[in-house]
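Okay, here's what each chain looks like letter by letter:
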2 protein chains.
Amino acid sequence: MEKPEPKDLSYYYSRVTMNRQASKMKQFYQYFLIPGIGNLAGGLPNPGYFPYDTLEASTALPDRFKPTPNKPVDPPVSELGNCTLSDSPAVSRVLVPHDSAEPNLLRKIDLTTALQYGTAQGYPPLYSFIRSFVQTNLHPNVPYKGGPEVILTCGSTDGFAKTLECFSNIWDEERDWIREREGILCEEFAYMNAIQAARPRGLNVVPVAIDDEGMLASGKGGLEEVLASWDKSKGKRPHLMYTVTMGQNPTSGLLSVKRRKEIYSLCQKYDIIIVEDDPYWYLQYPSGNRLSMKARGKPVSENFPIDPAHNYNASSGGKSSGFDFLDSLVPSYLSMDVDGRVVRLDTFSKTVAPGCRLGWITAQPDVVERIQRITETSTQQPSGFVQSLIAELIMGPSKSGDPGKGGSKDGSGWKVDGWVRWLEGLRGNYERRMQLMSTILEDGKYLIQSSRRGSRLSASDEEEYEVLHKTQLYDFAYPMAGMFLWMRAHYETHPLYQDVEHQRLAQALWVFMTTKPYLVLLSPGSIFCPTPEIMAEKGWQYFRLCFAAVNDDVVEKYSKAIVKAFTDFWAIDDVKKIDDLLDDDEKVQARLANAAMQNQVSLNCHGAHEM
Amino acid sequence: MEKPEPKDLSYYYSRVTMNRQASKMKQFYQYFLIPGIGNLAGGLPNPGYFPYDTLEASTALPDRFKPTPNKPVDPPVSELGNCTLSDSPAVSRVLVPHDSAEPNLLRKIDLTTALQYGTAQGYPPLYSFIRSFVQTNLHPNVPYKGGPEVILTCGSTDGFAKTLECFSNIWDEERDWIREREGILCEEFAYMNAIQAARPRGLNVVPVAIDDEGMLASGKGGLEEVLASWDKSKGKRPHLMYTVTMGQNPTSGLLSVKRRKEIYSLCQKYDIIIVEDDPYWYLQYPSGNRLSMKARGKPVSENFPIDPAHNYNASSGGKSSGFDFLDSLVPSYLSMDVDGRVVRLDTFSKTVAPGCRLGWITAQPDVVERIQRITETSTQQPSGFVQSLIAELIMGPSKSGDPGKGGSKDGSGWKVDGWVRWLEGLRGNYERRMQLMSTILEDGKYLIQSSRRGSRLSASDEEEYEVLHKTQLYDFAYPMAGMFLWMRAHYETHPLYQDVEHQRLAQALWVFMTTKPYLVLLSPGSIFCPTPEIMAEKGWQYFRLCFAAVNDDVVEKYSKAIVKAFTDFWAIDDVKKIDDLLDDDEKVQARLANAAMQNQVSLNCHGAHEM
């Protein structure tokens, strides 16, 4: 059967995007191909004047870290990897030469090309690797004709900014009619940096209710309800959706194929473009469901069959990625994108390092072409330093006369196999930390208090016996993906719940945890609320815990500290202690603000973007 | 005397910029400073999982290339440097370690910090180096209180896009009143990538007449005339100016201090923000004036005293930069920016390599703060790969327990001295190429034809004698800065000037040069015209020649080829030959387009952005 063409979505392009001309230079570039032509036309510096003669790196081999199984009942496939660098793990030497003799620009990796002006779609070798990986391995089942195109970005925040620029018009309350206001849907707890990119443009940020796996299609506050009951006096019905479907930030939700299908259908019905931001896609944890079953007798979501042989790609009758690991993962919205309405954001931030500032957009070719035009007059291209060093690491040098060296033992590059193996190792390490944190928190979520009571056992006999009170301190869903554990504190069981304003109580607990002996900093739920209403209604009840950034021993130590802090905080039954905590905190804040002022830069260094 | 505060320009912020909230996280970050705090709040990956254990590079020593004198009559100060890499020049080994023990974040250069999420203002060590270089060496005389602030960008195109976002509102012909349309001034020949960034936003692009040094303050088409006679039916009088004042692209103009003062005054009078894009500031060629004097008996511009001791900084009674080289350069608009109305764009594209995608913006602190907010939700920061490799190259490791290595012989980093010396070497090499190209073109600009005539010397004597016809083929100003030579073809002297439509004649010459035996590709003037009127009026008469991208021998070969092509083209006196050239070209174009289609990526590689 002939695949359908992707839908023409150009009526959703912003006015600025409509105005962007395709580069008129293309016709001109053709002349560069005249054999032997002397090019005095370009405005380029001379590559002989770059101060870098080579770029090099010591890098990991792909099997540095131990994977966890794709099917949670199996043992890890390799015991080779270690968790820390202290064991002097095997390394490879990557080298990007100044000049490669390779004539094919899709295989030539050298500084003369990588550090020169390049193409907006990306450094040709890296672009071609990513394009092939995306089309063949990551999304082998995109249903529209010709499949998706890719363009490299300076990371997903850049990718999202460009997508917004492409698909949204600026609206201003004082100037424009409310009927012209455009909107963007998002999860009711969301990654706020994305929301902060949308809001200054005047976009109406419209939250959709979620459960433990992610956005709800139906039910109260779910997508259907939000769209069907849209009140036009608030502006246009949203035509954009921003969603993180795998290891959602902050909730760690992993959206099942079943739910995806329901949501995609609604997006078809209401003609919505889905912007799928998936930095954590390869961090999916089958053991989350298993641990939940074991501890609680139920899975995180009924939509994830416990059957460990469940294969999401195969179940949809599609092609295999070629790798068991990739086949085991919930696939992207792209896998069901018959219309071409999915714009997917990927990043190297979590697979290599955030400082790469490198990622890519996958979408139908027309959309990618528009984003290319935006790129030409903004970032132009990601840095050639990172593009060449990653290209050399993964692809390695071409065979003939290329003095480069890639990241494999033999210098040939990781290739797709190595890249997938690397991702499996990362998944393994993060999954084990998730298990560690979850287990400690599961064990500590009830406060068990006992009291001795006297009771009459019989008419003649009186005996003392023990009564156990079980108080739930907090709850969470086992993380099915990502880097976070999302915890709801059960303030309603706190002795002072009736006496202290609830948000104040929550604030006091958060401060309490930053004091000795607990000394642990969590992200308060309030900073993930896309609207003030959500913050007031329930945002204050939550904390986000990151198990990814610190080593296992630290995860263990502070997970225990959190349990201890909860236990001790629930022992506070004097309102004055709450007042004191918050008063003290004001002094602490003042002192820290002062220290901060004197050390502005260092303050800004702590992963400021990525809360 | 107390310096004035910079002027509050916030009334020029765009609506989107006004809407941008300062990050609410700042208060939160303070808690990161609590001693011993366990941070489960950030959303960061673990630096132990970055596949790069070190980054390394072989780099040039700062004295690799031979400088030219600051005063053209002096010999070069050093004969150490070489022009090409073939001599196996001395190299240094730069190393960015995985971890540095240095506690001061402004001096700590390692992968744990550089490849992690960072701050939007830039990687702290590199940011602090640039800030200090800017304030102390590059612009020691900024007149407003506190001086300017800096923020790193992903290159100047990114910097300009952010500046436009900060200071301009989107306007749409079909939707908005003409009276709301904002405008941007630029040189009448301009760097079109910047214009293409402005135009889709609906900005009115308003060219200002230029002469050989740059924008005209007064006179026909000059800034005063454009602003004083502004016709409001075309929209608002422009409040933005985009200008390249040093080695202007495409004209190579170098704007004198005298002219700067006149233009700055007008910008004060009409309240205009000056966006100064200066990728070529360190490529100023005192020998341009000397060569012009020698060959033509007049300088490129009377505003540049031939007195080689003329020191632009000292002449304005200011502080020295600390370096003769920097003192010898025409200073930025910032040096007279009492109001804080200058936003300057710098880049490493020409000092290190375009592929860095690294630069910075210098402006008054409030403007930089707004651009920081824009950065937080778009590019976040330049790639840590390039930031750390450049920081290590120039700054080198700190003294205590830091296993890094910088770009000096002893591994300590180039420091400011080395950086300035590197720039001098680059200036030297590009200046010599400028001299080479200019000299060849100067020698070839007239077509000398002789004919023998009979004439009566006296009543009784008749003798044959020779008559020389001198026809000017083209003209140019000696480049005073930058990478280009801007040439005007004197089509009015061509035998077919009356018979062929002029733009057709120009097109034919351009095509003629791409054919054998000349085989040389120039940039046609038409691609530097910000408006169709300028293209029709005079754009077609010009070519831009780049002497920077290719080696000396290639500059020589193709400069000669150009002279030959002009000479031969002026010998064409049959209209049919012009027709044939253009017909053939259509076939060539079709063939090349076909080849191009099959090789799309490679086509896009030829410095597509940087025409």
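- Per an unreviewed UniProt entry, the recorded name for chain A is Aminotransferase class I/classII large domain-containing protein, and the organism is Capronia coronata CBS 617.96.

1. Considerations on empty space enclosed by the protein
Here is step 1: On inspection of all chains with the given rule, the structure shows 12 cavities of 30 Å³ or more.
Here is step 2: Considering only enclosed or pocket space, the largest cavity measures out at about 430 Å³ in volume.
Here is step 3: As for the largest cavity, its lining consists of 24 residues, and the residues nearest its centre are E165 and S378 of chain A together with A161, E165 and S378 of chain B.
Here is step 4: Mapped onto the lining of the largest cavity, the elements with two or more residues apiece are α5 (156-167) of chain A together with α5 (156-167) of chain B.
Here is step 5: Considering only residue class, the lining of the largest cavity consists of 8 nonpolar, 6 polar and 10 charged.

2. Some words on the domain arrangement of chain A
Residue and element names in this part refer to chain A.
Here is step 1: Split by domain assignment, chain A resolves into domain 1 (123-284 + 329-380) and domain 2 (473-604).
Here is step 2: Placing the centre of domain 1 and that of domain 2 at their C-alpha centroids yields a distance of 30 Å.
Here is step 3: Between domain 1 and domain 2, the residue contacts involve 23 residues of the former and 19 residues of the latter.
Here is step 4: Where domain 1 abuts domain 2, roughly 1600 Å² becomes buried across the two surfaces, and 67% of that area is made up of carbon and sulfur atoms.
Here is step 5: The interface formed by domain 1 and domain 2 holds 1 salt bridge in total.
Here is step 6: Taking the shortest distance from any N to any O, the salt bridge between K538 and E188 comes out at 3.1 Å.
Here is step 7: Secondary-structure elements contributing two or more residues to the side of domain 1 that touches domain 2 are β5 (183-187), α6 (192-198) and β6 (204-208).

3. What to know about the sheet that holds strand β3 (residues 91-96) of chain A
Here is step 1: Taking strand neighbours across the sheet as the criterion, the 4 strands line up as β3(A)-β2(A)-β2(B)-β3(B) in an open arrangement whose pairing is antiparallel. Each edge of the sheet is formed by a strand with only one pairing partner; in this case those strands are β3 of chain A together with β3 (91-96) of chain B. Strand-to-strand twist of the sheet, defined as the mean angle between neighbouring strand axes without regard to direction, takes the value 20°.
Here is step 2: Across 6 bridges, the pairing between strand β2 (residues 52-60) of chain A and β3 of chain A is antiparallel.

So, how was this worked out
Residues numbered from 1 in each chain as written. Chains lettered and ligands numbered in written order. Predicted model: local features only at pLDDT ≥ 70, side-chain atom pairs only at ≥ 80, totals over all residues. Heavy atoms only, no water. 1 Å grid on protein atoms, 1.4 Å probe; cavity = no way out; pocket = protein on both sides within 12 Å on 5 of 7 lines; lining within 4 Å. Points joined across faces, edges and corners; volume = space filled by probe spheres on them. Helix = DSSP H or I, 4+ residues; strand = E, 2+ residues; numbered from the N terminus. Nonpolar A, V, L, I, M, F, W, Y, C, P; charged D, E, K, R; others polar. Domains from an automatic or database assignment. Contact = heavy atoms within 4.5 Å. Buried area = accessible area lost by both parts, 1.4 Å probe. Salt bridge = Lys/Arg side-chain N within 4 Å of Asp/Glu carboxyl O. Pairing = 2+ DSSP bridges. Axes fitted to C-alpha atoms, helices over the stretch in contact; angles between N-to-C directions.

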